[in-house]
Amino acid sequence: MQYLFGIHPVIEAIRAGKKFDKVLLKQGMEGPAYRELITLIGENQIPYQYVPIEKLNREVRGAHQGVVALISQIDYVDIETLINNALASSDSPVLVILDGVSDVRNLGAIARTLECSGGKGIIVPAKGGAAINAEAVKASAGALMRIDTSKVPNLRLAAYMLKQSGFRLIAATEKTDKSIYETDLTGPIAIVMGSEGKGISDSMLAICDEKAAIPMVGGISSLNVSVATAVVLYESLRQKSQK
């Protein structure tokens, strides 16, 4: 993990266009420099979190002044650019939306499979999802450096933008009797994957055009989310190869 710390260095880095995964702030901060930092964080939609000073002391050694920023490992693209790039690159692009997936290794594995299967991009929430850090990049075998990744403040808004651009949203969920083998996974699609514990949120399920389940015949009722994503992605690839 790469860090930048100190209130003025972080302010200048944001002004210079540096990308951050998150900014950690000491609880109870005040003053004009702090207010300027908070304004810049808000304007640039950078996730931030208030933490005890003990956590900051553990993260870095040095005069952090109550501010520690986690530097992004990749260059994110905005959702409009991701959509345009995907549609320009293929008649039937595949994207993945991760709703609540919090494990960095799963995120990396999903990105790796997406790239290997010809997928065009991955969409993650700015808050509540796995950090795209050095561990995620390593787990992706570098795929996160090769595919478009968009971090959005609102997954629902991103979903609506995808639908308006011609993508169908396919929810991979057990809350349906229709299997992935009975679902059309060709054309521009965005596959929505939820966390292993909670699955896809109800608000996202309500937006999706279709629900599709992976058949389960064993005694265990669920797959690891990265494995489940791989199954759906390669079923999509199989269907497209037969057209």
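Throughout, residues of each chain are indexed from 1 in the direction in which the sequence is written. With pLDDT at 70 or above as the cut-off, local features in this predicted model cover only qualifying residues; side-chain atom pairs require 80 or more to be listed or tallied, and sums for whole chains, interfaces and linings still use all residues. Note: side-chain values were computed over all heavy atoms of the structure, leaving out hydrogens and water.

Asker: Please set out the overall build of the chain residue by residue, giving values where relevant.
Answerer: Counting from the N terminus, the helices are DSSP H or I runs at least four residues long and the strands are E runs at least two residues long. When you go through the chain residue by residue, the secondary structure sums to nine helices and ten strands. When we talk radius of gyration, it's over C-alpha atoms, and the globule rule is simply 2.2 Å times the number of residues to the 0.38. At 19 Å, the chain has a C-alpha radius of gyration in line with the 18 Å of a compact globule built from 243 residues. Projected onto its principal axes, the C-alpha positions of the chain cover 60 × 40 × 30 Å. Working definition: with a 1.4 Å probe on protein chains only, accessible area under 20% of the residue-type maximum means buried, over 50% means exposed, and in between means partly exposed. Buried positions account for 47% of the 243 residues belonging to the chain.

Asker: Give me the lowdown on the nonpolar core, citing residues and values where you can.
Answerer: Throughout this description, the term nonpolar core refers to a set of buried Ala, Val, Leu, Ile, Met, Phe, Trp, Tyr and Cys residues connected via side-chain atoms within 4.5 Å. Counting 33 residues, the largest nonpolar core has V96, L98, L107, I122, L144 and M193 as the members making the most contacts within it. Looking at this core, the elements that each hand over two or more residues are β5 (94–99), α5 (104–116), β6 (121–125), α6 (134–139), β8 (168–172), β9 (189–194) and α9 (225–241). By residue number, the principal contributor to this core is α5, which donates five residues. Two residues qualify as a contact provided that any one of their heavy atoms is within 4.5 Å of a heavy atom in the partner residue. Among all residues touching M193, those that are not within four sequence positions of it are V96, I97, L98, D99, V101, A172, I200, V225, A228 and T229. Grouped together as the second largest cluster of nonpolar side chains are 22 residues, L95, A158, A159 and F167 included.

Asker: Provide a residue-level description of the pattern of salt bridges, including the pertinent values.
Answerer: We define a salt bridge as a side-chain nitrogen of Lys or Arg found within 4 Å of a carboxyl oxygen belonging to Asp or Glu. Going through the model one piece at a time under the given rule, you end up with 13 salt bridges. In this structure, E12 engages R15 in a salt bridge whose closest nitrogen and oxygen atoms are separated by 2.7 Å. Here the residue E12 and the residue R15 both occupy positions in helix α1 (residues 7–15), the gap between them amounting to three residues, near one helical turn. Residue classification places E12 among the partly exposed positions, given a relative accessible area of 45%. A salt bridge links R105 to E135; the nearest nitrogen and oxygen atoms lie 2.9 Å apart. On the criterion of sequence distance, the pair formed by R105 in helix α5 and E135 in helix α6 is long-range, its members being 30 residues apart. According to the relative accessible area criterion, R105 is partly exposed, its value standing at 46%.

Asker: I'd like a description of the environment of M29, backed by residues and values.
Answerer: Residue placement: M29 occurs in the loop between β2 (20–26) and α2 (32–43). Residues M29 and Y50, spaced 21 residues apart in sequence, show a C-alpha to C-alpha distance of 9.4 Å. Contacts of M29, omitting those with residues within four sequence positions, involve I7, Y34, Q65, G66 and V67.

Asker: Can you lay out unusual backbone geometry for me, pointing to particular residues and giving the numbers?
Answerer: Within the chain, Q65 stands out as a residue other than glycine whose phi angle is a positive 55°. Following the sequence through the fold, Q65 ends up in the loop between α3 (53–59) and β4 (67–71). Taking relative accessible area as the criterion, Q65 reaches 46% and is therefore assigned partly exposed. The backbone of A141 shows a phi angle near 55°, a positive value even though the residue is not glycine. Structurally, A141 is set in the loop between α6 and β7 (148–152). Residue classification places A141 among the exposed residues on the basis of a relative accessible area of 53%.

Asker: Describe the sheet that holds strand β3 (residues 48–51), listing the residues and the values that go with them.
Answerer: If DSSP finds at least two bridges between two strands, the strands pair. The four strands are arranged β1-β4-β2-β3 in an open sheet whose pairing can be described as mixed. Each having just a single partner strand, β1 (3–5) and β3 make up the two edges of the open sheet. This sheet shows a mean twist of 20° between the axes of neighbouring strands, independent of strand direction. The pairing of β1 with β4 spans three bridges and is classified as antiparallel. Opposite L4, over in β4, you have A69 as the bridge partner. Axes, fitted as lines to C-alpha atoms, cover a helix only where it is in contact. Angles between the N-to-C directions of the axes lie from 0 to 180 degrees. α1 contacts β1, β2 and β4 of the sheet and is inclined by roughly 120° relative to β1.

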